[in-house]
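If you want the building blocks of each chain, they are given just below.
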Amino acid sequence: LAPATPFNTGITADRVFVTATLPLAECKAMGKAVGGSLNDMLLWICSTALRSYLTQHHSLPKKSLVAAMPVSLREAGASDTANLGNQVSMSLVELGTHLAHPLKRMNAIMASTGKVKTSMQSLKGLLPTDYPSLLAPWLVGGAAKLALNTYGKSGLASRLPMVANLAISNVPGPPVPLFLAGAKFTTFHPLSIVMHGLALNITIQTYAGHVDFGIVAGKKALPHAQDLARSIEEAFTQAQGLLGAGAPTPPASKPPGKTPKSRVASATPLGKPPSVKRAAGPKMIPIKNKAKPSDVSNHGTTR
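Only a predicted model underlies this, so the values are computations on that prediction, with no experimental measurement involved.

Asker: Mind showing me how you'd approach the overall build of the chain here?
Answerer: Of regular secondary structure, the chain possesses 6 helices and 8 strands. Helices and strands appear in the chain in the N-to-C order β-α-α-β-β-α-α-α-β-β-β-β-β-α. In the chain, which comprises 303 residues, the share counted as buried stands at 43%. Taking the contacts inside the chain whose residues are at least 6 apart along the sequence as the reference set, 75% of them involve residues at least 24 apart. Approximately 15600 Å² of the chain is accessible, and the part contributed by carbon and sulfur atoms is 62%.

Here it is as structure tokens:
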């Protein structure tokens, strides 16, 4: 079972939504430098950011956080038209947030994802592959809605044991820039869902050379949402300090060792959780804020 965290609580109609953006090429290179994948590197960044956030707000559990993560079961290069439906199932990954040393945390994540890959392939024929619709019959029933609302409002969601603390998903997006009425999309931050007991969702999508994070949560579960988004950027900077040799050299026009957005703090020393500077970082963008004609983005905010 997953340890108790502020994220395992009931939800209301209130949400927070914050974003972060990292360079794709460097994330890939650093994942390769440790013998892992891009997904392993992004999980490490999320893990490091979550550890920093929970430490800052005095709620880091002694056990590792567990993430519910969708896993693709489709074979590489598969083109069988008879199997064009969903080929995705859900897995549980330990994030190693209880480990202070960053490289030990990376090893724990890679060991966990390795076990998931092995078990998923061996049980592929037995696993449900249409997880987005598994709860659909329950969600459309009036009695079920009443039961879910009672479950959330009664406080049971924060007291009952959970198998995961949050959801993290990583999906490939368009590799080239997109345009709308001649205006270029500068980012492509995804927005997913939360539920009672699992009130934090981090969805990651690659887009035109960047990695865009969309973080949505119940407002009570993540009252300091900007801190978590900032911690993601600082975790990337820490990774640069640890694995800089494995990352490509940035263009000469940009300072080395910096992300495209210069708001990230300097690299954190080895073995220490990232420190958070409250004076800088991502800002909540009002939903009613109109995008400029030449700079279209799908950022969101809280309501």
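Asker: Is there a simple way to think about the nonpolar core in this case?
Answerer: Generally speaking, nonpolar side chains in soluble globular proteins are found buried as a group. In this structure, Ile45, Leu200, Phe213 and Leu222 are the most contacted members of the largest nonpolar core, which totals 46 residues. The element contributing the most residues to this core is helix α2 (residues 38–56), with 11 residues. Residues in contact with Leu200, not counting those within four places in the same chain, are Phe7, Leu50, Leu166, Ala167, Val194, Ile215, Val216, Ala217, Leu222 and Leu228.

Asker: How should I be thinking about the environment of Leu166 in this particular structure?
Answerer: Tracing the sequence through the fold places Leu166 in strand β4 (residues 166–171). For Leu166, a relative accessible area of 0% puts it in the buried group. In this structure the C-alpha to C-alpha distance between Leu166 and Ala67, which are 99 residues apart in sequence, comes to 5.2 Å. Once residues within four sequence positions are removed from consideration, Leu166 is found in contact with Leu50, Leu65, Val66, Ala67, Ala68, Leu95, Leu198, Leu200 and Ile202.

Asker: How do you make sense of the packing of aromatic side chains when you look at a structure like this?
Answerer: Centre distance and the angle of the planes are the two values used to describe a pair of aromatic rings. Tallying each qualifying case throughout the model produces 3 aromatic pairs. Through successive ring pairs, a cluster of aromatic residues spans Phe185, Phe188 and Tyr207.

About the thresholds
Residues numbered from 1 in each chain as written. Predicted model: local features only at pLDDT ≥ 70, side-chain atom pairs only at ≥ 80, totals over all residues. Heavy atoms only, no water. Helix = DSSP H or I, 4+ residues; strand = E, 2+ residues; numbered from the N terminus. Buried < 20%, exposed > 50% of the residue type's maximum accessible area, 1.4 Å probe, protein only. Contact = heavy atoms within 4.5 Å. Areas by Shrake-Rupley, 256 points an atom, 1.4 Å probe, with all protein chains shown as cover. Core = buried A, V, L, I, M, F, W, Y, C linked by side-chain atoms within 4.5 Å. Phe/Tyr/Trp six-rings, centres within 6.5 Å; stacked < 30°, edge-to-face > 60°.

Worth remembering: the numbers are spatial, not functional.
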